[in-house]
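One-letter residues, chain by chain:
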Amino acid sequence: MKRWMILMILLISLGLAVAVFAAEKTKYPPPRFPSYVKPAKSVEDVMPFARAAVRQTGGRTPLGLVEKGKTVLLVATDHVAEPMVLEAIRRAYAERGVKARILLEHELRGLTLEEALAIRKAQVWYTSEQGYFEADFTGSWPIDWLKKSRPALHAKLFPEIKLPEVLSKKDKEAPSLAKGLIKYLDENPDINIVYYARGGRARRARDIEHHREKMYGNFIFDNRWELMSKVPEFPGDVWRLVEERVIEPIGWIDRVHATDPEGTNITMEVDEKTAEAWGKSAYEQGHLFMLPGSATGRHPYSVIEYPALKKEYIPHFVGEANGVIAGTNNHRGSFPRIEVHLKKGYVAEVRSGGPYGDIWREAMKIPGINEVTWPYRDKPGYWWLREGGLGTNPKFYKRLDENLQGTNQTERNVGGVIHWGFGMEVREGPQGPTKPPEVIEFEKKHGLPNRHGWHIHNLFLTYRARVRGTKNTWLTLVNKGRITALDSPEIRALASRYGNPDDVLRQEWAPHLPGINAPGKYEDYAKDPWKTITMVMKKVEGGNYEYFHPPVKAKKQ
């Protein structure tokens, strides 16, 4: 390593270390929820937010990457999309000289909206109280094995779906969303760019096959909760620089230590080869890969030419973390506190967790799941700690309505929140960014899963990395749920172009965790997180939440 590189890293690390060690003496930030997200009365009310969104170049929905004269297809989510919001997006694009075509998912599948909503209601009948539905046995999971070994658990995870036969038949016969999108794009070659789905960008791009390069991102700005917030207006250049500063040191680190007040405490040694590969592939807008397991084994995104992929295939490296990951939230919702114990990166034990933990423990016993080696991997087994996805925009918040719809996706987008994901997954190989034939054959032969899931969210993460070749020079990249780069002089100087940097960089949301940053006992919260979540939802809906920001005068009961 050149001397100037070493000096730069040391200077950065010393600056961060001093700031962070002082911060560690403080308490966790109090709960916070934005009070300014209100129902729109007209399209004109939505237009300022829509104009910001179609200029936003950062995150998972960078609508601003579409150039004048292009035609873009936006695929909105059936049960989330609001017509007034979609019309505002269309008009805002038109003002920029972009032709926007907007479809809902059901249109691509050949269903009516009423049919699509009825099907979803039957299949996703639950709320986020049933967070154990994160244990999604889709794909190649041997579902019959679970039914034989634990019939009660199987019945809990796969209850009888009460759907009229005519709708059940239509659902089975209708093409998947991806297949319907491929057909539409084949028939409409004038479409240059597409945004669809709410997550899984790389997988969604692969799903549309020969149209992969047309996918520029997901489409989340189809509802007021996410559009009429401060997310679209967060400066794209600031967002990009924050992400670059987080991942820059990764190629030069030799140890990671991550903690969270709910009980996460893991340490991971990182050798030079792993660090080098990880450093090349940690980038994805709005979702940085803070573990090598999800960063590598693929063709990574280009930092400079996003959403283009790099031509270089990065071989896979696992992160051999030791310790415990604990929490009470995942992509579906909440559950009693769970502990996942790791030994050299592999799940050794799962403790507690209610039904989520019960299902997880049973799935660890599936024949062959710990002995078989997946293609392009050098270690056997499925239950590796694979993902550490870091949200990077401080303006995101936990959407109020989605927990009643059985999902908990917006929480993971919050700057400083990390979602840990478990399970081996082979997405692509050296031949290109498509699923290799060997992987398809593997899935058929073994009947074992090839998709990660089983997430745990940590909302007040502290993530520290040690600089290679030093004894005790640590970079604190995230401190108590706050990305430390947001408070650096460099980022603040850039943010000052857009207003007061305190306002531009302010965190808009903080969770409500009794015993950690809110009144009450954590032990009580950990037994039934849904009780606290519903309490917060009711207060927010009633306009009486004591942690609103900006503060509002409480309504009379």
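The paragraphs below set out a description of the structure included in this document. (Residues numbered from 1 in each chain as written. Predicted model: local features only at pLDDT ≥ 70, side-chain atom pairs only at ≥ 80, totals over all residues. Heavy atoms only, no water.)

### Focus: the pairing of strand β15 (residues 462–467)
And then number 1: A large share of β15 lies buried, amounting to six of its six residues.
And then number 2: Side chains of β15 alternate between two faces, with T462, R464 and R466 and Y463, A465 and V467 buried alike.
And then number 3: Here β15 pairs with strand β16 (residues 474–479) via four bridges, running antiparallel. When the bridges of β16 are listed, R466 appears paired with W474.
And then number 4: Between β15 and β16, which follow one another and run antiparallel, lie six residues, and G469 among them has a positive phi close to 85°. (Buried < 20%, exposed > 50% of the residue type's maximum accessible area, 1.4 Å probe, protein only. Helix = DSSP H or I, 4+ residues; strand = E, 2+ residues; numbered from the N terminus. Pairing = 2+ DSSP bridges.)

### Some thoughts on the environment of D186
And then number 1: With respect to the helices and strands, D186 occurs in helix α9 (residues 177–187).
And then number 2: Given a relative accessible area of 43%, D186 falls into the partly exposed group.
And then number 3: Distance in space between the C-alpha atoms of D186 and H210 is 9.5 Å, their sequence separation being 24 residues.
And then number 4: The residues contacting D186, other than those within four sequence positions of it, are H210 and H211. (Contact = heavy atoms within 4.5 Å.)

### Brief notes about the packing of aromatic side chains
Two aromatic rings, taken as a pair, are described by how far apart their centres are and by the angle between their planes.
And then number 1: Applying the stated criterion across every chain yields a total of 25 aromatic pairs.
And then number 2: Where Y382 meets W383, the ring centres are 4.8 Å apart and the plane angle is 85°; that geometry is what we call edge-to-face.
And then number 3: A cation sits over an aromatic face here: R224 above W225, 4.2 Å from the ring centre.
And then number 4: Here K480 stacks its cationic end above the ring of Y28, 5.4 Å away from the centre of that ring. (Phe/Tyr/Trp six-rings, centres within 6.5 Å; stacked < 30°, edge-to-face > 60°. Lys NZ or Arg CZ within 6 Å of the ring centre and 35° of its normal.)

### Quick word on the environment of E226
And then number 1: Checked against the element boundaries, E226 lands in helix α11 (residues 224–227).
And then number 2: Here E226 falls in the buried class, since its relative accessible area comes to 4%.
And then number 3: Sequence separation between E226 and F396 is 170 residues; the distance between their C-alpha atoms is 7.8 Å.
And then number 4: Filtering out sequence-adjacent residues up to four positions away, E226 remains in contact with R198, I220, F221, V231, P232, F396, R399 and T410.
And then number 5: A distance of 2.9 Å separates the side chain of E226 from the side chain of R198, its partner in a polar contact. (Polar contact = N/O pair within 3.5 Å; in protein donor to acceptor, adjacent residues only side chain to side chain.)

### Some remarks on the side chain of R386
And then number 1: Mapped onto the fold, R386 is located in strand β12 (residues 385–390).
And then number 2: Despite its burial, R386 pairs with no opposite charge; the closest candidate is E425, at 4.4 Å N-O.
And then number 3: Setting aside residues no more than four positions away along its own chain, R386 makes contact with L291, G293, S294, G421, F422, G423, E425, R427 and H452. (Lys, Arg positive; Asp, Glu negative; His and termini not counted. Salt bridge = Lys/Arg side-chain N within 4 Å of Asp/Glu carboxyl O.)

### Considerations on the environment of E105
And then number 1: Tracing the backbone shows E105 in helix α4 (residues 105–109).
And then number 2: Judged by relative accessible area, which is 18%, E105 ranks as buried.
And then number 3: Taking the C-alpha atoms as reference, E105 lies 17 Å from M84; in sequence the two are 21 residues apart.
And then number 4: Residues contacting E105, with those up to four places away along its chain left out, are V75, A76, T77, D78 and L177.

### So, the sheet that holds strand β10 (residues 334–343)
And then number 1: Pairing in this open sheet of eight strands is antiparallel, and the strands run β11-β10-β9-β7-β6-β15-β16-β17 from one edge to the other. Each having just a single partner strand, β11 (346–352) and β17 (482–483) make up the two edges of the open sheet.
And then number 2: The sheet contacts of helix α15 (residues 354–363) involve β10 and β11, and relative to β11 the element is tilted by about 145°. (Axes fitted to C-alpha atoms, helices over the stretch in contact; angles between N-to-C directions.)

### Thoughts on helix α13 (residues 272–281)
And then number 1: Within the sequence span of α13, burial applies to T274, A275, A277, W278 and S281.
And then number 2: In the core, the buried residues of α13 are packed alongside β6 (253–259), β7 (265–269), β8 (288–289), α14 (292–295) and β15.
And then number 3: Near the N-terminus of α13, the side chain that reaches the backbone nitrogen of K273, with its oxygen 3.3 Å away, is that of D271.

### Observations concerning the sheet that holds strand β3 (residues 99–104)
And then number 1: Ordered in space as β3-β2-β4-β5, the four strands form an open sheet in which the pairing is parallel. The sheet terminates laterally at β3 and β5 (215–217), the two strands that pair on one side only. Sheet twist, expressed as the average angle between the axes of neighbouring strands with direction ignored, equals 25°.
And then number 2: Here six bridges tie strand β2 (residues 71–76) to β3, and the two strands are oriented parallel to one another. Following the sheet pairing, T71 is matched in β3 by K99.
And then number 3: Packing of α9 onto the sheet brings it into contact with β2, β3 and β4 (193–195), and relative to β2 it is tilted by some 155°.

### Looking at the pattern of salt bridges
And then number 1: Applying the stated rule across the entire model yields 38 salt bridges.
And then number 2: The salt bridge involving E490 is made with R245; its shortest N-O contact spans 2.7 Å. Placement of the pair is E490 in helix α17 (residues 489–495) and R245 in helix α12 (residues 236–247), with a sequence separation of 245 residues.
And then number 3: With relative accessibility at 39%, the residue E490 sits in the partly exposed group.
And then number 4: The partner of R337 in a salt bridge is E339, and the shortest N-O contact between them spans 2.9 Å.
And then number 5: Note on E339: relative accessible area 17%, which makes it buried.
And then number 6: Linked by salt bridges that have partners in common, R198, D222, E226, R399 and D401 make up one network.

### With respect to the side chain of T462
And then number 1: The residue T462 is located in strand β15 in this model.
And then number 2: The exposure class of T462 is buried, given its relative accessible area of 8%.
And then number 3: Looking at T462, its side chain comes within polar contact range of the main-chain nitrogen of K480, at 3.0 Å.
And then number 4: Not counting residues within four places of it along the chain, the set of residues in contact with T462 comprises H257, A258, T259, T476, V478, N479 and K480.

By themselves, these figures tell us nothing about what the structure is for.
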